Amino acid sequence: MRSPKNRSLLSVNEDFEGKRNDKGALLDSFFSIVNDMHTIASITNALFSPTAEWRTLRGVVVEAEAAEGARFLVGNSSVVVAARIEGESVMIKCYTRHKPRLSQIYGKRYHPQELAVYNIMGERHYVDCVVYPRIAGTPLDRVLADKRCDIRRIANAFEQLSRILLDKPYAHGDIKPENIILAEDGQMHLVDWDAAFVPELSGEEATEIGTAAYQHPLRTAKHFNAHIDDYSIAYLLTMLRWAEIDRSILDSYRLNYSFSPSPSEIFSLDRTFVDHLATRFASLGKAREVAIARLLLSPTVALPTLRHLLQEPIARTDTPIEVEQEAGKWGLRCNEGWVVPPLYDSILEPRHDITIVGIEGYYSTIRLFSSDIYPLGRASRLKLYSDGSVSFVDEQGEQQFVTIDDILQ
């Protein structure tokens, strides 16, 4: 008796319960598992066999040094190895079971029924494969495990990757450090797109909902559209920016290969954690980080404002710059767009390319057309002079004066 193609382990278990005393049924059920789900060992043996049988691929050479580095992915559902195909460096991912959406997700990179494998009875079957270019770099989880890692460079690279992804009509579906490669040129790339949303799947439910440690706690299979990465991006970017100002966050990550608190823990803490983090960011003049951190308590899985928050300001303009308000927040705008994004509770007219901004009770100077921020702390009676210098009364009631040279250092 051969099982249907998509027969589940649960249905096999029900056979066991219903026919406990029927030895023939037990054996049939066992062999149905063998036929329908190929083992990691059988795929690995086939990949490294000198007589590997490929249905359509030609000139495949699995690299010998990759034997110990074959990656066994989540749930032992696939094997990924480095290889060369007609001289081109690639990665080949072979699946233990058929996944019906791989064709829509990967397009021409998907090769159904590609690699021949043999079960314990010596019977030949073919497994599905995906072939994609090899990226010279290091998985982000391994980068973060290095105590010498440049966390600011990492956070900036992830922010840039996020901008690119949020502009696309598709989504990855399982953003986490293990699925991000930091390339040798400093750019980041996503791998393992099996949980992805693509427009061709509109109206369907998700078959995988990503790793809980990086997902909105309320996400279910029904949440399946171009916004499924929103929360993962906001969460991971917040953790990386937090690690910039407190490297002990990375010490915690290295212990468990996950950040703390997790999304579900953030919700259980109500506003306590987010308020603490937002205050810390605000004290340093990091208004974008404040806004993104507050999204971590969003009651909705989709975060439609995230893309707007990550937009880069105008690099330079010769047109007039004016104070403008949008959605209750203040910024500086020119004809081409925002010079200072509208993220602040207050802002002053710029002098000498310097402005003063306020966020959640804290004030900072910002140098236009740069990322330079000079925190002033909790202050009052702020005055910005024509040469860009600043006077203010600090939290202790003392008069302070900051010169333009201090700000530009």
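**Description of unusual backbone geometry**
For the peptide bond that leads from S260 to P261, omega is 0 degrees, which places it in the cis range. With respect to the secondary-structure elements, P261 resides in the loop between α8 (248-256) and α9 (263-268). Positive phi values are uncommon outside glycine, yet E86 reaches one of about 50 degrees. Overall, E86 belongs to the exposed group, its relative accessible area being 66%.

**Observations concerning the environment of R219**
One can find R219 in the loop between β9 (188-190) and α7 (230-245). Along the primary structure R219 and Y231 are separated by 12 residues, whereas in three dimensions their C-alpha atoms are 9.6 Å apart. With near-sequence residues (within four places) excluded, R219 lies in contact with G173, A206, E208, I209, G210, F224, I228 and V301. A distance of 3.1 Å separates the side chain of R219 from the side chain of Q215, its partner in a polar contact.

**Concerning the sheet that holds strand β19 (residues 399-402)**
Taken in spatial order, the 3 strands line up as β17-β18-β19 in an open sheet, and their pairing is antiparallel. The sheet is open, and its two edges are formed by β17 (380-384) and β19, each paired on a single side. Going across the sheet, the axis of each strand differs from the next one's by a mean of 10 degrees, ignoring polarity. Pairing of β17 with strand β18 (residues 390-393) involves 3 bridges; the strand directions are antiparallel. What sits directly across from S380, in β18, is V393.

**Here's the deal with the nonpolar core**
Core analysis: the biggest nonpolar cluster contains 63 residues, and I154, F158 and F259 have the highest contact counts within it. Element by element, the count of residues in this core is highest for α7, at 10 residues. For I154, the contacting residues outside a window of four places in its chain are L140, V143, L144, C149, L182, M188 and L240. In terms of nonpolar packing, the next biggest core, distinct from the first, is built from 20 residues, I40, A46, V62 and C94 among them.

**Things to note about the packing of aromatic side chains**
Under the criterion given, the structure shown has 7 aromatic pairs. Relative to W193, the ring of Y170 lies with its centre 5.9 Å away and its plane at 70 degrees, an arrangement referred to as edge-to-face. Of this pair, Y170 sits in the loop between α6 (151-166) and β8 (180-183) while W193 sits in the loop between β9 and α7, and the two are 23 residues apart along the sequence. Judged by relative accessible area, which is 29%, Y170 ranks as partly exposed. The class of W193 is partly exposed, set by a relative accessible area of 21%. Note on Y214 and Y235: the rings are 5.8 Å apart at their centroids and 75 degrees apart in plane angle, and the pair reads as edge-to-face.

**Remarks on the confidence of the model for the protein chain**
In this model, the protein chain carries a mean pLDDT of 88, and residues with pLDDT of at least 70 account for 88%. Low pLDDT, under 50, characterises residues 1-21; the stretch is placed with 23 contacts to residues that sit more than four places away or in other chains.

**A look at the sheet that holds strand β7 (residues 137-139)**
The antiparallel open sheet is built from 3 strands, whose spatial order is β7-β8-β9. Of all the strands in the sheet, the pair left with one neighbour each is β7 and β9. Direction aside, the axes of adjacent strands within the sheet are offset by 30 degrees on average. Looking at chain direction, β7 and β8 are connected through 3 bridges and run antiparallel. Residue P139 lies in a different strand from β8, and its bridge partner there is I181.

**Re the side chain of S232**
One can find S232 in helix α7. Overall, S232 belongs to the buried group, its relative accessible area being 0%. A polar side-chain atom of S232 sits 3.4 Å from a polar atom in the side chain of Q215. Beyond its immediate sequence surroundings of up to four residues, S232 is in contact with I175, Y214 and Q215.

Cut-offs applied
- Residues numbered from 1 in each chain as written.
- Predicted model: local features only at pLDDT ≥ 70, side-chain atom pairs only at ≥ 80, totals over all residues.
- Heavy atoms only, no water.
- Helix = DSSP H or I, 4+ residues; strand = E, 2+ residues; numbered from the N terminus.
- Buried < 20%, exposed > 50% of the residue type's maximum accessible area, 1.4 Å probe, protein only.
- Contact = heavy atoms within 4.5 Å.
- Polar contact = N/O pair within 3.5 Å; in protein donor to acceptor, adjacent residues only side chain to side chain.
- Pairing = 2+ DSSP bridges.
- Axes fitted to C-alpha atoms, helices over the stretch in contact; angles between N-to-C directions.
- Core = buried A, V, L, I, M, F, W, Y, C linked by side-chain atoms within 4.5 Å.
- Phe/Tyr/Trp six-rings, centres within 6.5 Å; stacked < 30°, edge-to-face > 60°.
- pLDDT = per-residue confidence, 0-100.

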